[in-house]
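Structural features, examined
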Amino acid sequence: MQNAILRKSHLNDFISKLAAMEKVMAPVAKGPKHFAFEEVKSAKEISLRYIPTILPPKKYFMPQHETLLEYDTREGQKMRAVAEVEKIVLFGVHTCDLAGIQCLNIVFSDRPKDLNYLIRKNKIAIIGIECNEYCDEHASCALMGNHIPKGGYDLFFTDLGDYFFIHVNTQLGEELLDKTGVYEKATIEHMNALEDLRNKKKEIFKNEVDVDKNTIPELFKKGFDSPIWDELGERCISCGNCTNVCPTCYCFDVYDDPDLGAKTGKRIRSLRKDRKRHRFNRKFRYPVERYGKFFCTGCGRCTRVCMAKINLKDTIKSLAKEYK
Amino acid sequence: MEKMSINRSAYRIKEAKILSVRRLTDSEKLFDIALQNGESLDYEPGQFAEVSIFGVGEAPISICSSPTKRGSFELCVRAVGDGRFTNAMHKLEAGDDVGIRGPFGVGFPVQLFEGNDLMLVAGGLGIAPLRSLINYVIDNRRDFGKVNILLGCKTPLNMLFGDEIESWQKRIDINFSCTVDRGAPDWKGNVGLITSLIPGVDLDPENTFAVVVGPPVMYKFVIKELTGKNIPDHRILVSLERHMKCGLGKCGHCQIHNIYCCQDGPVFFYDRIKDLKGAI
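The rules behind the values
- Residues numbered from 1 in each chain as written.
- Chains lettered and ligands numbered in written order.
- Predicted model: local features only at pLDDT ≥ 70, side-chain atom pairs only at ≥ 80, totals over all residues.
- Helix = DSSP H or I, 4+ residues; strand = E, 2+ residues; numbered from the N terminus.
- Rg over C-alpha atoms; globule rule 2.2 N^0.38 Å.
- Buried ≥ 20, exposed ≤ 12 C-beta atoms within 10 Å, placed from the backbone.
- Contact = placed C-beta atoms within 7 Å.
- Domains from an automatic or database assignment.
- Nonpolar A, V, L, I, M, F, W, Y, C, P; charged D, E, K, R; others polar.
- Pairing = 2+ DSSP bridges.
- Core = buried A, V, L, I, M, F, W, Y, C linked by C-beta atoms within 7 Å.
- Axes fitted to C-alpha atoms, helices over the stretch in contact; angles between N-to-C directions.
- Parallel < 35°, antiparallel > 145°, perpendicular 65-115°, else oblique.

Turning to the overall build of chain A, a few remarks are in order. Across its full length, chain A carries 14 helices and 12 strands. Against the globule reference of 20 Å for 324 residues, chain A gives a C-alpha radius of gyration of 21 Å, in line with a compact fold. With the principal axes as the frame, chain A shows a C-alpha extent of 60 × 60 × 40 Å. Relative to its full complement of 324 residues, chain A shows a buried share of 41%. When contacts within chain A are restricted to residue pairs at least 6 apart in sequence, those whose partners lie at least 24 apart make up 72%.

Quick look at the structure:
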């Protein structure tokens, strides 16, 4: 697959043509430092320089509420297991959020498979975008190694001045690019420019907590009874913000939502909140044991939204200080 | 948003009908249930099913019959105070519809048990999942060595499966003892905690698997007695009760640290969970 470039002067053309064929979701400014993935029709609506959106793209993969089953008990017991799907193109997904989607993919394809998730996922095309510098001080993407792309996309855009370098990762990505028809083939100079940027990024993105990632699971094991958790527990008001905005929190409830008359209705799945220590362990320890993968992407959302100012980087730092 | 049918959905339920309902005590009823459409529930002793009543929801219930029973399976359900599901379940009668998902989880390792002596200990409602194993063992009796069964409950009135217990007591190939915490005028059996029965059992710790199922408080004391009899932790099995919701090891309700009761359990070797705080 040949890589491509897109002149910035053609970005609007690219988005408009894509939006004419597909439903395109991209980061849109909602206010100071607030961005959200929303449907767009043109490039003008998109904020390409954005700090992580309020909700991660998880909302398209695992909606806040979804129907799993529809039933009708008026005559016997009729039911239909359903999946709610929508064919969309996600444009402008940061590497931290690509990593988040990869985590969810692992959980829901682990047997027994969750077909509702898997069917929906396969309808979503993903176009990533590289962060050339930090979004803000809350990110810990370099610690988690998610400041550079590691797959999980169909196309991947890197801003290299007056053009985007496009890494074509899948057949679907190539087809999307072909349909818009506004790209040029990448040459060796473009490749070199990309390599220069990646080298420059090594100077910008440095481990934000000065703790070796590989020692973190053990740190959480040793620190299970640490007073740090008591302290956080006292501050945490269980508002659920952190789990809502986390790209990899996937705990959910299943319940019935009967219609008036109670004979028919739906069985719903909805996301739920979790407790602090358990939540941290579910990012930095348990999934490493179970899936060989950290479930923190370093996006920084939990710290940004915490009403009690619980800071993820500080928590890791204090644990490291106590148990090194 | 488009809605499409998925027949292989993990949330699709199997249609089932209640064949009969029998009241066991003031708070427990036994339901005999058969899947419809020619399906049968392929389960192991110790596994559980998610039982569905449309409009009310789902609840995880351990299957209390042995898979050697053909055609239908049994669930023992205790109606708990404000439990919406269990109270709704108690209102159901023979002929009513329910839905089933499962069976789920890891049951008792009956193949591993073969050729070994068994020490089966149940307290309270723990007899429900253990009854599945007991009847399986009785139906395959010659595959196992000595079989000891110890049963405990609060009072004679709380005793579940009284008629079956009588038949177990009469069998010559089982050593059965039971005790109640508080006796009653017509009670002629043991009175005292279940732990008091263990010292009297003669067992060969190297050739015995012990299974303990009961309320949380029971585990600690019973396991201590078993350890005192030199049964190693990896030959003790427990069944943990948690509120499993999805049954698929995903939703997080039944998670204890890094294990999911619904998929990794509910039956665990004691050495796997003994250091997990809050597990038992």
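All names here are of chain A. The topology assignment puts Cys141 in helix H5 (residues 141-144). For Cys141, a count of 24 C-beta atoms within 10 Å gives the class buried. Distance in space between the C-alpha atoms of Cys141 and Cys299 is 6.2 Å, their sequence separation being 158 residues.

On to the domain arrangement of chain A. Where the parts come together, the accessible area they lose is often given as the size of the interface. All names here are of chain A. Taken domain by domain, chain A holds domain 1 (4-63 + 79-204) and domain 2 (213-253 + 274-323). For domain 1 versus domain 2, the separation of C-alpha centres amounts to 26 Å. Taken together, the contact pairs 22 residues of domain 1 with 19 residues of domain 2. Taken together, the elements giving at least two residues each to the side of domain 1 that touches domain 2 come down to helix H3 (95-109) and H5. The dominant element in the side of domain 1 that touches domain 2, judged by the number of residues it contributes, is H3, at eight residues. Considered class by class, the residues forming the side of domain 1 that touches domain 2 number 15 nonpolar, four polar and three charged.

With that settled, consider the interface of chain A and chain B. Taken together, the contact pairs 36 residues of chain A with 28 residues of chain B. Looking at the side of chain A that touches chain B, the elements that each hand over two or more residues are strand S4 (65-72), strand S5 (78-85), H3, helix H4 (115-121), strand S11 (252-258), strand S12 (264-271) and helix H12 (286-291) of chain A. When residues in the side of chain A that touches chain B are grouped by element, the largest group, seven residues, is from S5 of chain A. For the side of chain A that touches chain B, a count of residues per class yields 21 nonpolar, five polar and 10 charged. Bridge analysis of S5 of chain A against strand S1 (residues 2-5) of chain B gives four bridges, and the strand direction is antiparallel. Of the residues in S1 of chain B, the one forming a bridge with Glu84 of chain A is Lys3 of chain B.

This part takes up the nonpolar core. General note: in soluble globular proteins, nonpolar side chains tend to be found buried as a group. Residues Leu120, Val121, Val211, Val212 and Val238 of chain B are the most contacted members of the largest nonpolar core, which totals 82 residues. Looking at which element gives the most residues to this core, the answer is helix H3 (residues 127-139) of chain B, with seven residues. Membership of the second largest hydrophobic core comes to 75 residues, among which are Val24, Cys103, Phe164 and Phe220 of chain A.

Here we take up the domain arrangement of chain B. Residue and element names in this part refer to chain B. The domain architecture assigned to chain B consists of domain 1 (14-103) and domain 2 (110-273). Relative to domain 2, the C-alpha centre of domain 1 lies at a distance of 21 Å. Of all the elements in the fold, those that place two or more residues in the side of domain 1 that touches domain 2 are strand S4 (48-53), strand S5 (57-62), strand S6 (73-78) and strand S7 (97-104). Residues that form the side of domain 1 that touches domain 2 fall into these classes: eight nonpolar, seven polar and five charged.

Our next topic: the packing of helix H1 (residues 11-21) of chain A against helix H6 (residues 171-180) of chain A. Residues and elements named next belong to chain A. Their axes nearest at 9 Å, the elements H1 and H6 cross at an angle of 110°. With respect to H6, the element H1 is oriented roughly perpendicular. In contact with Phe14, Lys17, Leu18 and Met21 of H1, H6 contributes Leu176, Lys179 and Thr180.

The step from Gly102 of chain B to Pro103 of chain B runs through a cis peptide bond, and the omega angle for that step is 5°. Here the bond from Gly265 of chain B into Pro266 of chain B is cis, since omega is 5°, no more than 30 degrees from zero. Topologically, Pro266 of chain B is positioned in the loop between helix H6 (261-264) and strand S16 (267-269). Of note, the phi angle at Ser238 of chain A is positive, near 50°, even though the residue is not glycine. For Ser238 of chain A, the location among the structural elements is in the loop between helix H9 (227-235) and helix H10 (241-245). Overall, Ser238 of chain A belongs to the partly exposed group, with 13 C-beta atoms counted inside 10 Å.

This part covers the environment of Met144 of chain A. Residues and elements named next belong to chain A. Tracing the chain through its elements places Met144 in helix H5. With 23 C-beta atoms counted inside 10 Å, the residue Met144 sits in the buried group. As for Met144 and Phe294, which are separated by 150 residues in sequence, their C-alpha atoms are 7.7 Å apart. The contact partners of Met144, leaving out residues within four places of it in the chain, are Lys213, Phe294, Cys296, Thr297 and Gly298.

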